[in-house]
Amino acid sequence: MNFGIPLNRTSAVYHQQKKTMKLFLENTIRLSQWLSADVKAPFPELYLAGGAVRDLMLGKAPKDVDVVCKNARTFARRLTRGKDMALVPMEKKPDVPTFRIVDRNAPDRVLDITEMRGETIQDDLYRRDFTINAIAVRIGNNGHPDDVIDPTGGQADIAAKIIRNVDGSAFESDPLRILRAFRFAAQLEFAIEPATEKNMQASIMLLTRISVERIVSELLLILERPVASETIRRMDATGVLDVIFPEILPMKGCPQNDYHHKDVWGHSLLVLENSENILNHLEMFFGDRSPLIAANLGECHRAPLLKLAALLHDVGKPSTRGLNLETGRITFYGHDETGSAMMSVITERLKLPVRDREFLSLLLSEHLHVLDMSAPNVTWRTLMRWFRRLGENVVPVIVLGMADVQGARGPASRPEAIAAYSDWSRRMIVQYDDAARRQLAQRNLISGHDLMKLGVSPVPRMGDILKHVRDAQDVGDVIDKEGALSLALRMLRDISA
Ligand code: CTP
């Protein structure tokens, strides 16, 4: 098999190619296992194509083995007939049927068989999105790789790290490809070729026709990257972000007070960058507690969602903008709650799961309050109440606060305040980890039931009383049931008096 690149045994490229060859063989051997399971050879013309070939050529193990042939359904049925395998019809691309075969005895063994578009593999490749995804490798009857078919110069673009559309109409046929281009640019660290970017720009309004689920999935893949902010800035420059989030339009050019050196949108982009910088250097910001932050944000897309919150944390500012006539300062009173409500609307439109919607709205509603918490006169009781209310979400709220403070460098903001807030954040994480979590995990010393057993009849403020007792428990003012009951009874007496 020839990749069309001359081999030079001393070069790094040679070693990369040897690795690539090995991966190719391993993966096609995986494929030949499927084929040998089917006794009725010969097989139709089979091609390994798309992302699998791209990844193999980059020396990476592909996520799925993707095979293209004619009459995909019939071939997939032939492979599964009489075997303990599931055949799952899918639509990886719109209007292109794929049949996923899963070995029930080894669910990791998966093979995707996709219908060839057009008469020949070249026809099929010309309908694909990017040249780097439009390379096929013919698979012989023994399941081994044969010729490379690369009609659009994908191998050269892989070598040059370029994302180039196969055809100028690629984005009209499927506007999601606009986001895919950005996603591949972010994941592979490739550059989007200028003419391709122009074509993308010309089609951005077509994104409104795409299902939000597909958009969100690409957006999260982008935000998951360690330096997503660069891609987000490029997306902003092409106008893609305005289409997905029209709410950001009024943020652009919206002036702020003298704590800030940027307008609302400029500040938001900076806060995204800052949050990414914090996440990429947890050890520097949180020392030995960085594993706690990493674990907290490492699941359920919490890190990419935190970045989305950073980008939109001030979405409520334009509509709450006012002027304090005494100080002459621009104000944004209530922009946290307004922003949180706007975030609910955005995330409902994007059909995010309820858990993610609540997480994002909470980050927006808490992004100012966390700054109040860092004031010197805040008591441990108030902090414990805050920890209790936020639970594990205290971690992303603190990180967002840090990123926000670091992004406000106007003449009225003091550079020491940034360092002081960072210190406070680190201390808070330590206190949360060392003391608050354990304390909060303890059961309530008393319940309403305990009070009723003492003959106290339910009163409207019973809930408040129990909450107060819990606060006292959290800060160690009461340490046993007896103490908790006498505090509750004292409060009841005060109410009745
Ligand atoms: N494809 C396309 N247009 C799309 C989606 C996919 O042309 N909107 C083609 C590309 O050739 C792509 C292949 O279908 O390589 C497989 O698509 P998919 O599995 O979605 O993406 P991959 O390229 O495999 O990348 P990844 O698995 O990392 O998403």
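Preceding block: the structure.
Trainee: Quick question: what am I supposed to make of the environment of K70 here?
Mentor: You can see K70 is positioned in the loop between strand 2 (65–69) and helix 3 (72–80). Between the alpha carbons of K70 and E45 there is a distance of 7.5 Å; along the sequence they are 25 residues apart. Sequence-distant contacts of K70, defined by excluding residues within four places in its chain, comprise E115, M116, G118 and E119. A polar contact is formed between the side chain of K70 and the backbone oxygen of E119, at a distance of 2.8 Å.

Trainee: I keep staring at the packing of helix 12 (residues 264–280) against helix 21 (residues 394–406) and nothing clicks. Help me out?
Mentor: A pair of packed helices is characterised by two quantities: the angle between their axes and the separation of those axes. Look at helix 12 against helix 21: their axes get within 8 Å of each other, and the N-to-C directions meet at 125°. The angle between the axes of helix 12 and helix 21 places the two elements in the oblique class. Taken as a pair, helix 12 and helix 21 cross one another with a handedness that is right-handed. Facing helix 12, whose interface residues are H267, V271, N274, S275, I278 and L279, helix 21 presents V399, L400, M402, A403, D404 and Q406. When the residues that make up the contact of helix 12 with helix 21 are grouped by side-chain class, the tally is 7 nonpolar, 4 polar and 1 charged.

Trainee: Which parts of the structure should I look at to understand the site of the ligand?
Mentor: Neighbouring the ligand are 15 residues, the closest being R54, R128, D129, D174 and R177. One of the side-chain nitrogen or oxygen atoms of R128 is found 2.9 Å away from an oxygen atom of the ligand. At 2.8 Å, a backbone N or O of D129 approaches an oxygen atom of the ligand. For the shell around the ligand, the elements supplying multiple residues, two or more each, are helix 2 (51–57), strand 3 (85–93) and helix 7 (176–188). Sort the elements by how many residues they give to the shell around the ligand and helix 7 lands first, with 4 residues. Residue composition of the shell around the ligand, by class: 1 nonpolar, 3 polar and 11 charged.

Trainee: Whenever I open this one, helix 20 (residues 380–390) confuses me. Can you help?
Mentor: In an α-helix, one full turn covers 3.6 residues, which means residues spaced three or four apart are oriented alike. When helix 20 is considered as a whole, its buried residues turn out to be L383, M384, W386, F387 and L390. Take helix 20 and look down its axis: the buried residues cluster within an arc of 160°, on one side only. Of the surrounding secondary structure, the elements contacted by the buried residues of helix 20 are helix 18 (354–366), helix 19 (369–373), helix 21, helix 22 (415–441) and helix 24 (462–474). G391 sits one or two residues past helix 20 and shows a positive phi near 55°.

Trainee: Looking at this structure, I do not really get the sheet that holds strand 5 (residues 106–115). What am I missing?
Mentor: Spatial strand order, 3-4-5-2-1-6-7: 7 strands in an open sheet with mixed pairing. Only two strands of the sheet have a single partner each, and these edge strands are strand 3 and strand 7 (145–149). Looking at each pair of strands side by side, their axes are set apart by 30° on average, direction ignored. Across 5 bridges, the pairing between strand 2 and strand 5 is parallel. Bridge pairing in strand 5 links C69 to E115. Packing of helix 3 onto the sheet brings it into contact with strand 1 (46–49), strand 2, strand 3, strand 4 (96–103) and strand 5, and relative to strand 5 it is tilted by some 150°.

Trainee: What's the story with the packing of aromatic side chains in this structure? I'm lost.
Mentor: To describe a pair of aromatic rings, one takes the distance between the centres and the angle between the planes. According to the stated counting rule, one finds 7 aromatic pairs in the structure shown. Here F130 and F171 contribute two aromatic rings whose centre-to-centre distance is 6.1 Å and whose plane-to-plane angle is 45°, an arrangement assigned as tilted. In this pair, F130 sits in the loop between helix 4 (121–126) and strand 6 (136–139) while F171 sits in helix 6 (residues 170–173), placing the two residues 41 residues apart along the sequence. Considered together, F130 and F171 belong to a single accessibility category, that of buried residues. Ring geometry for W386 against W424: centres 6.1 Å apart, planes inclined by 40°, an arrangement best described as tilted. Placement of the pair is W386 in helix 20 and W424 in helix 22, with a sequence separation of 38 residues.

Conventions adopted
- Residues numbered from 1 in each chain as written.
- Predicted model: local features only at pLDDT ≥ 70, side-chain atom pairs only at ≥ 80, totals over all residues.
- Heavy atoms only, no water.
- Helix = DSSP H or I, 4+ residues; strand = E, 2+ residues; numbered from the N terminus.
- Contact = heavy atoms within 4.5 Å.
- Polar contact = N/O pair within 3.5 Å; in protein donor to acceptor, adjacent residues only side chain to side chain.
- Axes fitted to C-alpha atoms, helices over the stretch in contact; angles between N-to-C directions.
- Parallel < 35°, antiparallel > 145°, perpendicular 65-115°, else oblique.
- Left-handed = near helix turned anticlockwise from the far one by under 90°.
- Nonpolar A, V, L, I, M, F, W, Y, C, P; charged D, E, K, R; others polar.
- Near = heavy atom within 4 Å.
- Buried < 20%, exposed > 50% of the residue type's maximum accessible area, 1.4 Å probe, protein only.
- Arc of directions from axis to C-beta.
- Pairing = 2+ DSSP bridges.
- Phe/Tyr/Trp six-rings, centres within 6.5 Å; stacked < 30°, edge-to-face > 60°.

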